[in-house]
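Topology and contacts: notes
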Amino acid sequence: MNRRLFSEELKKEQLDGTDIVGAYNAISSVAMRCALKNKPNMPRHCAHYFSIEYLMGRGFYNNLMELGVLHEASSILAEKGIDINAFEEVEDAALGNGGLGRLAACFLDSAAALGLPLYGYGIRYKYGLFKQDFENGFQKELPDDWQRFGDPWSIRKDDESMTISFADMVVTAVPYDMPVFGKRINILRLYQAEDSAEAEKISEYLYPADDTEEGKILRLRQEYFFTAAACRDIVQNFVRLHGTNFKNLGKYNTIQLNDTHPVLAIAELIRIMTAEYAVSFKAALDAVKGTFAYTNHTILPEALECWDMGMIERILPEIAQIISKIDGAARIEREKAGYSAAEIEETAVIRGDKAHMANLAVYASKSVNGVAKLHTEIIERDVFPTEYKYHPEKFSNKTNGVTQRRWLMLCNGELSSLIDKTIGREWRNDFTGIFALKESIGDIAEKFIVVKGRKKKQLFDYIRATEGIDIPDDMILYAQVKRLHEYKRQLMTAFAILEIYNKLKRGELKDFQPSVFLFGAKSAPSYRRAKAIIKFINCIAEKVNADEQTNGLLKVVFVRNYNVSYAEKIVAAADVSLQVSTAGFEASGTGNMKFMMNGAVTCGTLDGANIEIVDYAGEGNNYIFGATAEEIKSLSSGGYSPQKIYDEDEELHAVVDTLIDGTFDDCGTGDFADLYDSLLKGESPDYYFVLYDLNSYVETLLTINEDYKNRVEFAKKQLSNTANSAYFSSDRTIKEYARDIWKI
Ligand code: 26W
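Below: a short report on this structure. Given the structure is predicted, the values throughout are model-derived calculations rather than measurements.

**A word on the site of the ligand**
- In the vicinity of the ligand there are 19 residues, among which H297, N400, E586, S588 and G589 approach most closely.
- Between H297 and the ligand, the recorded distance is 2.6 Å, taken from a side-chain N or O atom to an oxygen atom.
- Take E586: an N or O atom from its side chain is 2.6 Å from an oxygen atom of the ligand.
- About the coverage of the ligand: the protein hides 97% of its 570 Å² of free accessible area.
- Looking at the shell around the ligand, its residues break down into 6 nonpolar, 7 polar and 6 charged.

**Overview of the environment of H356**
- Mapped onto the secondary structure, H356 falls in strand 15 (residues 354–356).
- As for H356 and D158, which are separated by 198 residues in sequence, their C-alpha atoms are 35 Å apart.
- With near-sequence residues (within four places) excluded, H356 lies in contact with E305, C306, A348, V349 and R351.

**A closer look at the layout of surface pockets**
- The calculated volume of the largest pocket comes to roughly 1600 Å³.
- Lining the largest pocket are 49 residues, with M65, L70, R405, M409 and L410 positioned closest to its centre.
- Taken together, the elements giving at least two residues each to the lining of the largest pocket come down to helix 3 (60–66), helix 4 (70–79), helix 17 (404–410), helix 18 (413–423), helix 19 (441–467), helix 22 (564–573) and helix 31 (730–742).
- Examining the composition of the lining of the largest pocket, we find that 7 residues originate from one element, helix 19, more than from any other.

**Focus on the sheet that holds strand 13 (residues 306–308)**
- Read across the open sheet, the 3 strands follow the order 13-15-14; overall the sheet is antiparallel. The outermost strands of the open sheet, each flanked by one partner alone, are strand 13 and strand 14 (350–351).
- In this structure, strand 14 lies alongside strand 15, joined through 2 bridges in antiparallel fashion. Looking at the pairing, R351 lines up with K354 of strand 15.

**Points about the packing of helix 21 (residues 528–546) against helix 28 (residues 671–680)**
- Where helix 21 meets helix 28, the axes come as close as 9 Å, and the angle between the chain directions of the two elements is 110°. Taken together, the axis directions place helix 21 and helix 28 in an arrangement best described as roughly perpendicular. Contact with helix 21, carried on its side by R528, R529, A532, I533, K535, F536 and C539, involves D671, F672, D674, L675 and S678 of helix 28 and no other residues of that element.

**As for unusual backbone geometry**
- Positive phi is not limited to glycine here, since C667 has a value of about 55°.
- Here C667 shows up in the loop between helix 27 (650–657) and helix 28.
- Among the residues examined, C667 registers a relative accessible area of 38% and is labelled partly exposed.
- The backbone phi angle of D686 is positive, close to 50°, even though this residue is not glycine.
- Locating D686 in the fold gives a position in the loop between helix 28 and helix 29 (690–707).
- Residue D686 is classed as buried on the basis of its relative accessible area, which comes to 2%.

**Side note on the packing of helix 10 (residues 281–289) against helix 12 (residues 317–336)**
- Running from N to C, helix 10 and helix 12 cross one another at 85°; their axes reach a closest spacing of 12 Å. Classed by the angle they form, the pair helix 10 and helix 12 counts as roughly perpendicular. Here F281, L285 and K289 of helix 10 come into contact with helix 12, specifically with I322, K325, I326, A329 and E333.
- Counted by class, the contact of helix 10 with helix 12 contains 5 nonpolar, no polar and 3 charged residues.

**Digging into the pattern of salt bridges**
- As enumerated under the stated definition, the model contains 63 salt bridges in all.
- Salt bridges linked by common partners bring K157, E160, D177, R189 and D233 together as one network.

**Quick word on empty space enclosed by the protein**
- This model, assessed by the stated rule, comprises 6 cavities of 30 Å³ or more.
- Roughly 360 Å³ of internal volume is contained in the second largest cavity.
- Around the second largest cavity, the lining is made up of 27 residues, and of these M56, R58, G59, N63 and M178 lie nearest the centre.
- Those elements that place two or more of their residues in the lining of the second largest cavity are strand 2 (54–57), helix 3, helix 5 (99–113) and strand 9 (169–180).
- Here the element with the most residues in the lining of the second largest cavity is helix 5; it accounts for 4 residues.
- Its residues placed into classes, the lining of the second largest cavity shows 13 nonpolar, 6 polar and 8 charged.

**Here we look at the sheet that holds strand 22 (residues 601–604)**
- One open sheet accounts for 6 strands, arranged 20-19-18-21-22-23; its pairing is parallel. Two strands in the sheet have a free side with no partner beyond their single neighbour: strand 20 (554–559) and strand 23 (623–624).
- Lying on the sheet, helix 30 (residues 711–723) is in contact with strand 21 (576–579), strand 22 and strand 23; it crosses strand 22 at an angle near 90°.

**Details of helix 22**
- Most of helix 22 is tucked away: 10 of the 10 residues are buried.
- All of the buried residues along helix 22 are V564, S565, Y566, A567, E568, K569, I570, V571, A572 and A573.
- Measuring from the backbone nitrogen of S565 back to the side-chain oxygen at the start of helix 22 gives 3.2 Å, which picks out N563 as the cap.

Parameters and conventions
Residues numbered from 1 in each chain as written. Predicted model: local features only at pLDDT ≥ 70, side-chain atom pairs only at ≥ 80, totals over all residues. Heavy atoms only, no water. Near = heavy atom within 4 Å. Polar contact = N/O pair within 3.5 Å; in protein donor to acceptor, adjacent residues only side chain to side chain. Areas by Shrake-Rupley, 256 points an atom, 1.4 Å probe, with all protein chains shown as cover. Nonpolar A, V, L, I, M, F, W, Y, C, P; charged D, E, K, R; others polar. Helix = DSSP H or I, 4+ residues; strand = E, 2+ residues; numbered from the N terminus. Contact = heavy atoms within 4.5 Å. 1 Å grid on protein atoms, 1.4 Å probe; cavity = no way out; pocket = protein on both sides within 12 Å on 5 of 7 lines; lining within 4 Å. Points joined across faces, edges and corners; volume = space filled by probe spheres on them. Pairing = 2+ DSSP bridges. Axes fitted to C-alpha atoms, helices over the stretch in contact; angles between N-to-C directions. Parallel < 35°, antiparallel > 145°, perpendicular 65-115°, else oblique. Buried < 20%, exposed > 50% of the residue type's maximum accessible area, 1.4 Å probe, protein only. Salt bridge = Lys/Arg side-chain N within 4 Å of Asp/Glu carboxyl O.

In structure tokens form, the structure reads like this:
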């Protein structure tokens, strides 16, 4: 981008007297105008990313940084009497739930930064992920009117609208193009549904369920709506550039499916080719097999989408027919390939009256990948064993990553400039350069402590201002921030805090380093047990923080409305990253990587990418505890008795009993008794092994508290994580997708 032109244009802007909304839109439009002067067209050979979620966060600061004008802008605005931090009010574009949606955003950022042509397609929800507030400790959901500040970073393209037909309605898909700035400018095309009130409902709300399918017909419409528009867009570009020989479709285009939510695209592309270009079903099926690639992000059975064929038939009869034909073709093909009857059933696209979207994705894709080493092993062994047996060449691992531009350079300028001073600025262009920090860890440990202290103060000042909670600046900051889900075991952290609190009350912990446990988590509105855990933690916070005897030593804070912008403040400030999921359940995790880059040690289980984080940064610089995935797997097959642990372990018994002994009040909802029962009653009590790992967790937390006493030695552990975090850049991940799958 022509930075001189940007400065001239911005200086010319009359901003005095304009309110923050006016200034925000004016400055953003100047940047857009200057940046898009030379936007490249879609090249002949490129990749497309289909995702029903994009958790972009705030675009303002990140885009100005990517365009290389953030400092210019802040000094020009300062001259105009505007503090650039005033735009902290601007809403996040929270068009996603959690890990999957944020990964898509990091991937787009990295592809542009690397100059790789990756085009994103999705839905422009009118309302993003709900805003969260607490009422008497209970989660309250509020609509997220994210466009109230306007959306100057998107361009409406009426002339490229598409007509999308359902059996019972026809809607118009209007594209909004959001440029993704980097070495090249790529486009995220988000479709908005228009024409009628009925139609508009399709792009009105993001489904707030994370990891649990709801099976609602509106969700099915959403999945078809954006994939049908995107497929038409890609076919039109292909025909314009390459003609109608669809044999070459996969040679020039790869469509990466971000989990199963966009899988209807497979049937839609076949429909377009057969219905509009007279291609035979066989040829169309071969073409899509060479075009699609599928990424799996979860092994949770309740998250694997299975659509009722009757529901599909009702609103998408042609698509239902094509899915049946695909199922038929797959069965014949596999019979010929020697699959047993059981194997054919297990891998079937349609079983009974259900369409198994993951099986459709695996059958019709040239590539299937997991998102961390352990996760990929698990999907190869347990989720798609037969397909892996017959087509191992399709499977590969692509360990997730995060963009260091937002998750270090933007959110932690202080640490970034300390790194500049220590190893120069080359790491900013090639993140592998950060490894050079290793040599100077001893030298800069003190300076790092100052930086971490400053980031903590910034966060605590923000929490004081927005949550009205005081946290002493020198406390060790333990952070567990992610969606609320039982397998992520926020409940286990709650019990660990109570055990430590009781030890403090009994005066057992000599010279305990003052510590604050910070939670941030939204629960899907219909996920009762998750909401009960939120209430439970808020009850604990109320009790512990009000306790004169201990609140100088122990604090518990549950921040409201945890989102991307809040995460940027928390990852930079944390000392300890809590990644304590039941081993085998967290596919990868990406928050863990953000904390690592910002110099936090990981306290976690050998799950997802935690394993690779410890591989790179070293066991000595992190704190691993708990059962391994193997142990969990064998315990799950019988022999685990949480009752026994409960009966034999007094301290554990006491903290679990706080759910039913009146210590805490769930306002007559019965939520706490249900939580208690989930641990000790029913056919699979304590399904996520909270009681099994609790003790080793508490010991590990106390070890960390002890080690922190030698602040410099602890800082060296923290810095070792930063120095070894290059592998966890989404630049590395995207390079692997581009090399192995997209061939771009
Ligand atoms: C159908 C409802 C639904 C919605 C979202 C089911 C499943 C999902 C996502 C797959 C859940 C998700 O975000 N998974 C997370 O993906 C991250 C990116 O790969 C991983 O790092 C996390 O471990 C995984 O939980």
